[in-house]
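Understanding the architecture of this molecule
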Amino acid sequence: MLDPHARALLDLITERRVPPTHTLSPADARSAYRDRRFFTQPDAPVVADVRTLQAPGPDGAVPLRFYRPEGLPPEAPVLVYFHGGGWTIGDLDTHDVLCRELATGAGCALIAVDYRLGPEHRFPAAVNDALAATRWVQSQAAALGVDPARLALGGDSAGGNLAAVVALALRDEGGDAAPPRLQVLIYPATDMRCGAPSHQQNGDGYLLTRDTIAYFRGHYVAEPSQWADWRASPLLHADLSRLPPALVLTAGFDPLRDEGLAYADALSAAGTPAQYVCFERQIHGFITMGRVIPEARTAVDLCTAALRRAFA
């Protein structure tokens, strides 16, 4: 059964004839995504210190937003977070409430990364920005007042994809930096081939459709030959061992559901600790919709509890 609150939201979208994302230009899709957050997202928790920062990137500065709740120790744990939006839409504002919820709930600092988007900046621009931002947080930890040995990675949807890819890249690079404590992967995209059964089962009628997925993928990855690149499809990396422990959340009515499950299973099979939770009655994107879908709060609480344990 679809969650009644999710059903009511989908019915309202139909009633108001909200145009599907894939029918809009990227600019209009970004504007619509920003605007609808006021209807679906809860009130923003107060965070004592919120600042705009920049990290040097491979092709210019990467904008960041730094959240530091009151009462944190001088060397606070930190979550580096990548927003969702199909590598095409979304920004620091669309995920501001979720970032505040995660920071206050987990008792950590949080740095949100405003990576470059397609189609203006195609793959692997977002990966390069995400990795550069994470390396910068590690190197500037003392100045930021965070503990580089208590760093976690997180993201939803496309952001979950980037968090997984950054974890892989950091492991492959080696180096002296401590590995991340945790990956929080919220309905992540893990396989650009989009062949899992849930793409067919949930491809229409549940907000994120197969047409919208094709729209996002087309704006991000220019060539089908790139779909198998592990930086686009982390599930296809040849070695998923020796990675940070992962919490993988999915939604039962999400086309990406089976990709998240496959990634959690592949991590476990490779010896990487992974926990998997499917919110069986939910739709893609629900974790930011706490004003209209109460179960979003449960998902946020699950993430913050996992972060607290990882940081302890």
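Okay, so let's go over this structure.

Procedures and definitions
Residues numbered from 1 in each chain as written. Predicted model: local features only at pLDDT ≥ 70, side-chain atom pairs only at ≥ 80, totals over all residues. Heavy atoms only, no water. Core = buried A, V, L, I, M, F, W, Y, C linked by side-chain atoms within 4.5 Å. Buried < 20%, exposed > 50% of the residue type's maximum accessible area, 1.4 Å probe, protein only. Helix = DSSP H or I, 4+ residues; strand = E, 2+ residues; numbered from the N terminus. Contact = heavy atoms within 4.5 Å. Phe/Tyr/Trp six-rings, centres within 6.5 Å; stacked < 30°, edge-to-face > 60°. Lys NZ or Arg CZ within 6 Å of the ring centre and 35° of its normal. 1 Å grid on protein atoms, 1.4 Å probe; cavity = no way out; pocket = protein on both sides within 12 Å on 5 of 7 lines; lining within 4 Å. Points joined across faces, edges and corners; volume = space filled by probe spheres on them. Nonpolar A, V, L, I, M, F, W, Y, C, P; charged D, E, K, R; others polar.

1. Comments concerning the nonpolar core
- Among the nonpolar cores identified, the biggest contains 63 residues, and L64, F82, L162, Y220 and Y263 are the most heavily contacted of them.
- Per-element accounting of this core gives the leading share, 10 residues, to helix α6 (residues 158-173).
- Among residues more than four places away in sequence, those in contact with Y220 are W87, R122, F123, A126, V127, L162 and M192.
- Counting 42 residues, the second-largest nonpolar core is a separate cluster that includes A6, Y81, F253 and F311.

2. So, the side chain of T190
- Looking at the element boundaries, T190 is found in the loop between β6 (183-186) and α7 (197-201).
- Taking the relative accessible area as the measure of exposure, T190 reaches 1% and is therefore buried.

3. Description of the packing of aromatic side chains
- What the rule picks out here adds up to 6 aromatic pairs.
- Considering the side-chain rings of Y187 and F286, the 6.0 Å spacing of their centres and the 50° angle between planes classify their relative orientation as tilted. Here Y187 is found in the loop between β6 and α7, whereas its partner F286 is found in the loop between β8 (274-279) and α10 (295-311), with 99 residues between them in sequence. Across the pair, F286 and Y187 agree in class, each one buried.
- Both rings, one in Y206 and one in F253, keep their centres 5.0 Å apart while their planes meet at 55°; by these two values the pair is tilted. Of this pair, Y206 sits in the loop between α7 and α8 (210-220) while F253 sits in the loop between β7 (246-251) and α9 (257-269), and the two are 47 residues apart along the sequence. Summarising the burial analysis for this pair, Y206 and F253 share the class buried.
- Chaining the aromatic ring pairs together yields one cluster made of W87, F123 and Y220.
- Stacked on the ring of F39, the Lys or Arg R16 has its end atom at 6.0 Å from the ring centre.

4. Some thoughts on the layout of surface pockets
- Taken as a whole, the largest pocket holds about 1,000 Å³ of empty space.
- Ranked by the residues each element gives to the lining of the largest pocket, the list is headed by helix α1 (residues 4-15), at 6 residues.
- By residue class, the composition of the lining of the largest pocket is 23 nonpolar, 18 polar and 8 charged.
- In terms of lining, the second largest pocket is formed by 16 residues, of which the most central are L170, R171, G174, A177 and P179.
- Among the elements of the structure, α4 (125-139) and α6 are those that each provide at least two residues to the lining of the second largest pocket.
- Of all the elements, α6 adds the most residues to the lining of the second largest pocket, at 4 residues.

5. Re the environment of P26
- Within the secondary structure, P26 is located in helix α2 (residues 26-40).
- With 193 residues separating them in the primary sequence, P26 and H219 have C-alpha atoms 8.7 Å apart.
- Discounting residues that sit within four places of it in the chain, P26 has contacts with T88, I89, P119, Y215 and H219.

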